[in-house]
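Coordinate analysis (summary)
Chain by chain, the residues:
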Amino acid sequence: MTIQWFPGHMAKARRQVTEKLKLVDIVIELVDARIPLSSRNPMIEEIIGEKPRLVLLNKADMADPAKTKQWIHYFEEQGIMALAVNAQAGKGLQAIVSGAKEILKAKFDRMKSRGMRPRAIRAMIVGIPNVGKSTLINRLVKKNIAKTGNTPGVTKAQQWIKVGKELELLDTPGILWPKFEDQEVGYKLALTGAIKDTILNLQDIAVYALRFLEATYPDRLESRYGIKEIPEDVVESFNHIGARRGCLMAGGEINYDKTAEVIVRDIRNVQLGPITFDRVEVKVED
Ligand code: G4P
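Residues numbered from 1 in each chain as written. Predicted model: local features only at pLDDT ≥ 70, side-chain atom pairs only at ≥ 80, totals over all residues. Heavy atoms only, no water.

Looking at an unreviewed UniProt entry, the chain carries the name Ribosome biogenesis GTPase A, with the source organism given as Rossellomorea marisflavi. Per UniProt, the comment on the chain under Subunit (unreviewed entry) is "Interacts with ctc. Interacts with the immature 50S ribosome subunit. 2 molecules of rbgA bind to one 50S subunit." As recorded by UniProt, the Subcellular location (unreviewed entry) comment attached to the chain reads in full: "Cytoplasm". (UniProt positions renumbered as here; feature names shortened; annotations may be inferred.)

1. Here's the deal with the nonpolar core
By size, the foremost hydrophobic cluster in this structure holds 58 residues, and its most contacted members are L56, L136, L169 and I263. Residue-level mapping places this core at the junction of two domains, with at least three residues from each of domain 1 (7–170) and domain 2 (201–269). Beyond its immediate chain neighbours, meaning those up to four positions away, L136 contacts L30, L56, A87, L93, I96 and I125. Grouped together as the second largest cluster of nonpolar side chains are 16 residues, V27, I44, I47 and W177 included. (Core = buried A, V, L, I, M, F, W, Y, C linked by side-chain atoms within 4.5 Å. Buried < 20%, exposed > 50% of the residue type's maximum accessible area, 1.4 Å probe, protein only. Domains from an automatic or database assignment. Contact = heavy atoms within 4.5 Å.)

2. Re the site of the ligand
Neighbouring residues of the ligand: 17 residues in total, closest D61, N130, K133, T135 and K196. S134 is positioned with one of its side-chain polar atoms (N or O) 2.8 Å from an oxygen atom of the ligand. Coverage of the ligand by the protein chains reaches 71% of its 710 Å² of free accessible surface. For the shell around the ligand, the element with the most residues is helix 5 (residues 133–141), which contributes 3 residues. Class assignment for the residues of the shell around the ligand results in 5 nonpolar, 8 polar and 4 charged. (Near = heavy atom within 4 Å. Polar contact = N/O pair within 3.5 Å; in protein donor to acceptor, adjacent residues only side chain to side chain. Areas by Shrake-Rupley, 256 points an atom, 1.4 Å probe, with all protein chains shown as cover. Helix = DSSP H or I, 4+ residues; strand = E, 2+ residues; numbered from the N terminus. Nonpolar A, V, L, I, M, F, W, Y, C, P; charged D, E, K, R; others polar.)

3. What to know about the pattern of salt bridges
Inspection of every chain in the model, using the stated rule, returns 19 salt bridges. Measuring nitrogen to oxygen at the nearest pair gives 2.9 Å for the salt bridge that ties R119 to D25. Separated by 94 residues along the polypeptide, R119 in the loop between helix 4 (94–113) and strand 4 (121–127) and D25 in the loop between helix 1 (7–21) and strand 1 (26–32) bring together distant segments of the chain. Here D25 falls in the buried class, since its relative accessible area comes to 3%. Linking R34 and D32 is a salt bridge whose minimum nitrogen-to-oxygen distance equals 2.7 Å. By the burial criterion, R34 is buried, and D32 matches it. In the salt-bridge network here, residues are joined through shared partners; they are E29, R40, E45 and R53. (Salt bridge = Lys/Arg side-chain N within 4 Å of Asp/Glu carboxyl O.)

4. Topic: the packing of aromatic side chains
Summed over the entire model, instances satisfying the criterion amount to 9 aromatic pairs. Considering the side-chain rings of Y74 and F75, the 5.3 Å spacing of their centres and the 80° angle between planes classify their relative orientation as edge-to-face. For Y74, a relative accessible area of 13% gives the class buried. Judged by relative accessible area, F75 falls into the buried class, the value being 0%. Centroid distance F238 to Y256: 6.2 Å. Interplanar angle 55°. Geometry classified as tilted. Of the two residues, F238 sits in helix 9 (residues 235–244) while Y256 sits in helix 10 (residues 256–268), which places them 18 residues apart along the sequence. Given a relative accessible area of 4%, F238 falls into the buried group. (Phe/Tyr/Trp six-rings, centres within 6.5 Å; stacked < 30°, edge-to-face > 60°.)

Structure, rendered in structure tokens:
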């Protein structure tokens, strides 16, 4: 589902997250491991404020493992614990409880020393649409009770889901909006499927993808499409890929829209292997 993020929706989404923040000890911020910065809400720091936070790089199965390690290190350098997970397959989930405990150890030790009764850690999940929030909640409770709808503003009584004895999770995640202002971020969101009914031109997205692949994973370009380089005139690449993949119009001419669609679909479906689009060395401006 694609949400139209109008200013009113953003304000409402922010209000909802801010309200829920009061109820929890920790925020579990979900990002897409392929685009750990581009898939963050642009105001996340401001919204979360001082609340302790655990970052999960989800869909780690679709990201470049070496780059995921770099990203975990990147967050750690900022004093933020980050873990790679695959919510779909349920991989890396045990570490969430132990990570949250570690982050909150000082707070819970203090509570204990003041004679307060031990209780479970209360957490909420936040993230932009499609990063896997519902999938993770479903996995954590091991049954399908989380709603998959993304509609901001659906009011509903808060419910807590128990994850073992030590963690309680709000059953509805906080849904925040993605970044809009940067075109490159838009291409990355489209290539990872975060934006589906794309507001951007599909051919532009495909050109961005080809140039990115040429610069970072040229071997994969070759094995999938039989080309090593993307010439200045990118039409040549489209002609080659379009012909190879049978993207033709009635007269036998190359159908560029279809070719672009094939390229974008291939990337979304991991046909070119796991790819990380955000690079630690080229950080995206917040
Ligand atoms: P959301 O609540 O944050 O909006 O995301 P949701 O859980 O609905 O997940 C979005 C899509 O991402 C789902 O695919 C889900 O299966 C997939 N997904 C979530 N976590 C992972 C993961 O760790 N690895 C992989 N490979 N996929 C994951 P879907 O229902 O098929 O929708 P779509 O693919 O058509 O978007």
